[in-house]
Amino acid sequence: MMPTLNEEQHIRDCLESLLTQVEPCSAEVMVVDGGSTDRTREIVAEMQARHPCIRLVENPGRIQAAAVNLAAAMAADDADVIIRADAHSQYPPNFIAEALAALRETGADSVVVPMRTLGKHCFQRAVAAVQGSWLGNGGAAHRGDSPSGFVDHGHHAVFDRRAFRALGGYDETFTHNEDAEFDHRLRESGRRIWMCRAAAITYFPRERPVALARQYYNHGRGRGRTVMRHRLLPKPRQMLPPAALLGSVGGLAAAMIDPLFLIVPLIYVGICNGFALAKAVAERDACLLLAGFAAMIMHLAWSVGFLGSIAAGLGSPRAATYAPFEARPAALATRARHRAGRDNDGSGG
């Protein structure tokens, strides 16, 4: 299943890369669209005419969490595996086979994969350079070239459908970080997550600074909500960006008393731009000089979202366990409604 919202640039290539990996009679490909206003739905409809296994489904909730939950509820009764594929990515020819094999052979309840970033345009290449480095990901396992093994979290790929439904699926109050929040509940239930290096995907980052800032602000806000909801202790790498933000703001304020305090934000800016210079020289790509700027956008936007979410969550009670699908009449009603209209929604067989 593939959540989409205005993905006309990527949807055709993404679907084509996956369709070559499935047998039409043994799988259905759900494109769950959150109200695209570009040509995404038109492109999917064109492909649907040639590939009857594709189903185009409306996602009234718009966000990814709602899309995945809807697909998990609507899938055929005998479907025991959910494969999540995000449209902003490129999938290798062995993606499905490797991920399914890992699910079977390891006994895991979820298989995640590493993300390798690739930029086509100038600023996008700079963002990709940061996201693939320690400066941008803090050593997150799924953002590097990590070996296969059991992990706490990763880029979602394959789920055991029964486990996903038993835990209630994604929490639809999360617009971002729904995957990490779900992984926490999955581990708390005694289930396990396997990182499959052989099924690593390529991810295309945001192409514009404003879009990048918005994305990372939302990621930070979602991470802060997860921390507060489950009363988690943030990892050291998650506290470095807020430390950079608070240190820089504090240094600028204190510099009005003593200019020496400017050394704090200058050190931070120097680290980011030093990284950019080194990457540009090593890769012989002048566009990578923008990597320092991209890194600061990512760090500071994430920190503002994270700290704001932490502040908003102070004093709030710990949330109860998210209800399983069987205890959520709304989800079942949605499933029944869509099943009743299957012949009329342009979804094919």
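These numbers come from a predicted model, not from an experiment.

Engineer: Could you give an account of the overall build of the chain, with specific residues and numbers?
Structural biologist: Looking only at helices and strands, the chain has 13 helices and eleven strands in total. Within the chain, the proportion of its 349 residues that are buried is 51%. About 16400 Å² of surface is accessible on the chain, with carbon and sulfur atoms providing 60% of the total.

Engineer: Pulling in residues and values, what's your account of the state of the cysteines?
Structural biologist: Following the criterion strictly, the structure yields one disulfide and no others. Bridging cysteine 122 to cysteine 287, the disulfide has an S-S length of 2.0 Å. Between cysteine 122 and cysteine 287, the disulfide has an S-S torsion of -115° and is therefore left-handed. One end of the pair, cysteine 122, is in helix α5 (residues 122-131); the other, cysteine 287, is in the loop between α11 (263-283) and α12 (291-313), with 165 residues separating them in the sequence. Look at cysteine 122 and you get partly exposed, because its relative accessible area is 32%.

Engineer: Summarise the packing of helix α1 (residues 11-19) against helix α2 (residues 40-50); cite the residues concerned and give the values.
Structural biologist: Put simply, α1 and α2 touch, their axes get as near as 10 Å, and they point 30° apart. Between α1 and α2, the angle is such that the two are roughly parallel. Viewed along their axes, α1 and α2 form a crossing whose handedness is right-handed. Mapping the contact onto sequence places Ile11, Arg12, Leu15, Glu16 and Leu19 in α1 and Thr40, Ile43, Val44, Glu46, Met47 and Arg50 in α2. A per-class count over the contact of α1 with α2 returns six nonpolar, one polar and four charged.

Engineer: Just give me the short version of the environment of leucine 15, but keep the residues and values in it.
Structural biologist: Residue placement: leucine 15 occurs in helix α1. Linking leucine 15 and valine 44, residues 29 residues apart in sequence, is a C-alpha distance of 8.7 Å.

Engineer: Which residues make up the side chain of arginine 84, and what are the values?
Structural biologist: You can see arginine 84 is positioned in the loop between β4 (81-83) and β5 (89-90). Take arginine 84: its relative accessible area is 4%, and that puts it in the buried class. Polar contacts involving the side chain of arginine 84 include one to the side chain of glutamine 64, which spans 3.2 Å. Side-chain polar atoms of arginine 84 contact the side chain of aspartate 86, separated by 3.0 Å. Excluding residues within four positions of it along the chain, arginine 84 makes contact with Met1, Gln64, Val68, Phe95, His156, Ala157, Phe159, Tyr170 and Glu178.

Engineer: With reference to specific residues and values, describe the pattern of salt bridges.
Structural biologist: Evaluation of the coordinates by the stated rule reveals 14 salt bridges. Between arginine 125 and aspartate 285 there is a salt bridge, with its nearest N and O atoms 2.8 Å apart. A residue pair is termed long-range when its members are at least 10 positions apart, and arginine 125 in helix α5 and aspartate 285 in the loop between α11 and α12 qualify at 160 residues. Given the relative accessible area of 16%, aspartate 285 is considered buried. Glutamate 181 is paired through a salt bridge with arginine 185; the nearest N and O atoms lie 3.0 Å apart. Of this pair, glutamate 181 and arginine 185 both sit in helix α8 (residues 178-188), four residues apart, which is roughly one turn of the helix. For the pair glutamate 181 and arginine 185, one class covers both residues: buried.

Engineer: So what's going on with the packing of aromatic side chains? Which residues, and what values?
Structural biologist: In the structure shown here, the tally under the stated rule is ten aromatic pairs. Centroid distance phenylalanine 159 to phenylalanine 182: 5.7 Å. Interplanar angle 90°. Geometry classified as edge-to-face. Placement of the pair is phenylalanine 159 in strand β9 (residues 155-160) and phenylalanine 182 in helix α8, with a sequence separation of 23 residues. For the pair formed by phenylalanine 159 and phenylalanine 182, the shared burial category is buried. Relative to tyrosine 170, the ring of phenylalanine 164 has its centre 5.5 Å away and its plane inclined at 90°; by these criteria the two rings are edge-to-face. Comparing phenylalanine 164 with tyrosine 170 shows no difference in burial state: the two are buried. The rings of Phe159, Phe164, Tyr170 and Phe182 are connected pair by pair, giving a single aromatic cluster. The positively charged end of lysine 120 is found above the aromatic ring belonging to phenylalanine 204, 4.8 Å away from the centroid.

Engineer: Tell me what's going on with the packing of helix α9 (residues 209-229) against α12, and back it up with residues and numbers.
Structural biologist: The interhelical angle for the contact between α9 and α12, taken along N-to-C directions, is 35°, at an axis separation of 7 Å. In the crossing of α9 with α12, the sense of the turn from one axis to the other is right-handed. Looking at the contact of α9 with α12 residue by residue, the classes come out as 16 nonpolar, six polar and three charged.

What counts and what doesn't
Numbering of residues begins from 1 in every chain and follows the order in which that chain's sequence is written. Given that this is a predicted model, residues contribute local features only at a pLDDT of at least 70 and side-chain atom pairs are listed and counted only at 80 or more, while totals for whole chains, interfaces and linings are drawn from all residues. Note that water and hydrogens are dropped before the side-chain values are worked out from all heavy atoms of the structure. Each helix is a run of DSSP H or I of at least 4 residues and each strand a run of E of at least 2, with the numbering of both proceeding from the N terminus. Burial classes follow relative accessibility: with a 1.4 Å probe on protein chains only, a residue under 20% of its type's maximum area counts as buried, one over 50% as exposed, and anything between as partly exposed. Accessible surface is estimated by sampling points in the Shrake-Rupley manner with a 1.4 Å probe; for residues, cover comes only from the protein chains shown. Two cysteine sulfurs form a disulfide in these notes if their separation is within 2.5 Å. Structural elements are reduced to axes, namely lines fitted to C-alpha atoms, with helices fitted over the stretch in contact, and the angle between N-to-C directions of any two is expressed from 0 to 180 degrees. Geometric relationships in this document are graded by angle, where less than 35 degrees denotes roughly parallel, more than 145 denotes roughly antiparallel, 65 to 115 denotes roughly perpendicular, and other angles denote oblique. We call a crossing left-handed when the near helix sits turned anticlockwise from the far one by less than a right angle, and right-handed when that turn is clockwise. Here, residues are in contact when the closest pair of their heavy atoms is within 4.5 Å. Asp, Glu, Lys and Arg are counted as charged, while Ala, Val, Leu, Ile, Met, Phe, Trp, Tyr, Cys and Pro are counted as nonpolar; the rest, among them Gly, fall into the polar class. Polar contact is the term for a pair of N or O atoms within 3.5 Å; when the atoms are in protein, one must be able to donate a hydrogen and the other to accept it, and sequence-neighboring residues count only if both atoms are side-chain atoms. Salt bridges are defined by distance alone: a side-chain nitrogen of Lys or Arg within 4 Å of a carboxyl oxygen of Asp or Glu. Only Phe, Tyr and Trp rings take part, Trp by its six-membered ring, and two of them pair if their centres are within 6.5 Å. Stacked means planes under 30 degrees apart, edge-to-face means over 60, and tilted covers everything else. Geometrically, a charge over a ring is one whose NZ (Lys) or CZ (Arg) sits within 6 Å of the ring centre while staying within 35 degrees of the ring normal.

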